[in-house]
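# Architecture and fold: a report
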Amino acid sequence: MKLYIYDHCPYCVKARMIFGLKSVAVELVSLLNDDEATPIRMIGQKMVPILEKPDGSRMPESMDIVHYIDGLDGDPMVRPGGEPRLSLWLEASRRYVSALAMPRWVDAPLEEFATDGARQYFTRKKETVKGPFTELRARTPELLAEANAHLKELAPLVQSPHAVHGVTTEDDFHLFAALRSLSIVSGVVYPPKVEAYRQEMSGLSGVPLHDAIAR
Ligand SMILES: N[C@@H](CCC(=O)N[C@@H](CS)C(=O)NCC(=O)O)C(=O)O
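The next thing to look at is the sheet that holds strand S4 (residues 58-60). Here four strands make up an open sheet; going across it, the order is S2-S1-S3-S4 and the pairing mixed. Strand pairing shows two members of the sheet lacking a second neighbour, strand S2 (27-30) and S4, which therefore form its edges. Strand after strand, the sheet turns through a mean of 25° between neighbouring axes, direction not considered. In the sheet, strand S1 (residues 2-5) pairs with strand S3 (residues 50-52) via three bridges, with the strands oriented antiparallel. When the sheet's bridge partners are listed, Leu 3 is paired in S3 with Leu 51. Where helix H1 (residues 10-21) meets the sheet, its contacts fall on S1, S2 and S3, and the angle it forms with S1 comes to roughly 155°. Sheet strands touched by helix H3 (residues 62-71): S1, S3 and S4. Its angle to S4, the strand with the most contacts, is close to 125°.

Quick look at H3 now. Taken together, the buried positions of H3 are occupied by Ser 62, Met 63, Ile 65, Val 66, Ile 69 and Asp 70. Looking straight down H3, one finds that the buried residues subtend no more than 155° of arc, so they occupy a single side. Taken together, the buried residues of H3 touch S1, H1, S3, S4 and helix H9 (170-182).

When the domains of the chain are assigned, the result is domain 1 (2-71) and domain 2 (84-213). The C-alpha centroid of domain 2 is placed 20 Å from the C-alpha centroid of domain 1. Both faces considered, domain 1 and domain 2 share a buried interface measuring about 2100 Å² in area, 67% of it formed by carbon and sulfur atoms. When the buried area of domain 1 at its contact with domain 2 is split by residue, His 8, Met 17 and Asn 33 rank highest and sum to 29% of it.

With that settled, consider the pattern of salt bridges. Within this structure, the stated rule accounts for 13 salt bridges. Salt-bridge contacts for Arg 16 lead to Asp 7; the nearest nitrogen and oxygen are separated by 3.7 Å. We note a salt bridge from Arg 139 to Glu 142, for which the minimum N-O separation is 3.2 Å. With relative accessibility at 33%, the residue Arg 139 sits in the partly exposed group.

With the rule as written, the count across this model stands at two aromatic pairs. A ring pair is formed by Phe 113 and Phe 122, whose centres lie 4.9 Å apart and whose planes are at 65°; its orientation type is edge-to-face. Pair check on accessibility: Phe 113 and Phe 122 agree, each one buried. Look at Phe 122 and Phe 133: their rings are 6.2 Å apart centre to centre, the planes differ by 55°, and that puts the pair in the tilted class. Taken as a pair, Phe 122 in helix H6 (residues 116-130) and Phe 133 in helix H7 (residues 133-138) lie far apart in primary sequence, 11 residues in all. Owing to a relative accessible area of 7%, Phe 133 belongs among the buried residues under this scheme. We note Lys 53 situated over the ring of Tyr 68; from NZ or CZ to the ring centre the distance is 4.2 Å. Looking at Arg 198, its charged tip hangs above the ring of Tyr 190, at a distance of 3.9 Å from the centre.

Thresholds, definitions, all that
Residues numbered from 1 in each chain as written. Predicted model: local features only at pLDDT ≥ 70, side-chain atom pairs only at ≥ 80, totals over all residues. Heavy atoms only, no water. Pairing = 2+ DSSP bridges. Helix = DSSP H or I, 4+ residues; strand = E, 2+ residues; numbered from the N terminus. Axes fitted to C-alpha atoms, helices over the stretch in contact; angles between N-to-C directions. Contact = heavy atoms within 4.5 Å. Buried < 20%, exposed > 50% of the residue type's maximum accessible area, 1.4 Å probe, protein only. Arc of directions from axis to C-beta. Domains from an automatic or database assignment. Buried area = accessible area lost by both parts, 1.4 Å probe. Salt bridge = Lys/Arg side-chain N within 4 Å of Asp/Glu carboxyl O. Phe/Tyr/Trp six-rings, centres within 6.5 Å; stacked < 30°, edge-to-face > 60°. Lys NZ or Arg CZ within 6 Å of the ring centre and 35° of its normal.

Laid out in structure tokens, this is it:
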């Protein structure tokens, strides 16, 4: 099977995770961020992740892909998520995660940003929603302080390094995707329980963190 992705994309992270967690082989294909034609040809819109099954059919939507791959062996492991305290934490994390990550992703050696055109496409598109990346960068001290304080509130919610609620739920996909987005940001301080979770989940899912290229 092939999974079409952008490396930075948190929805793609969710889809990638299940292949590692269930030891299912997958070929990752990174699209250039300004390649509109390929995803539109495959699913009718410019969006990833896209799963291409062995019969050539395509499936969009990260959590649909998670449940499809999880069910292939007849023994699904992913339980429903939506635990209220974690949902609130995730909702609040949206205040800073993409504002910190977006100007850094586009500057990092990621395959989807291999060309000037791809970097310009992403910058133009996201700046219309988030404001100029120069302004987001200038807000780094304030956003980092918010992130670091908020991560302290996450620590008591993490029950185990291998599953936020002790058993694998949809919440693990949402949480690890958010933490993986944050891993491109240098200066983030992870409380020990959160750091253990990040590392364990990265290993189990086979999705590398961006710590080594953080900026
Ligand atoms: N509901 C979709 C959302 C996927 C999504 O929004 N993907 C983003 C990348 S993170 C995308 O392809 N956006 C179009 C673009 O970047 O031009 C899912 O869960 O898979």
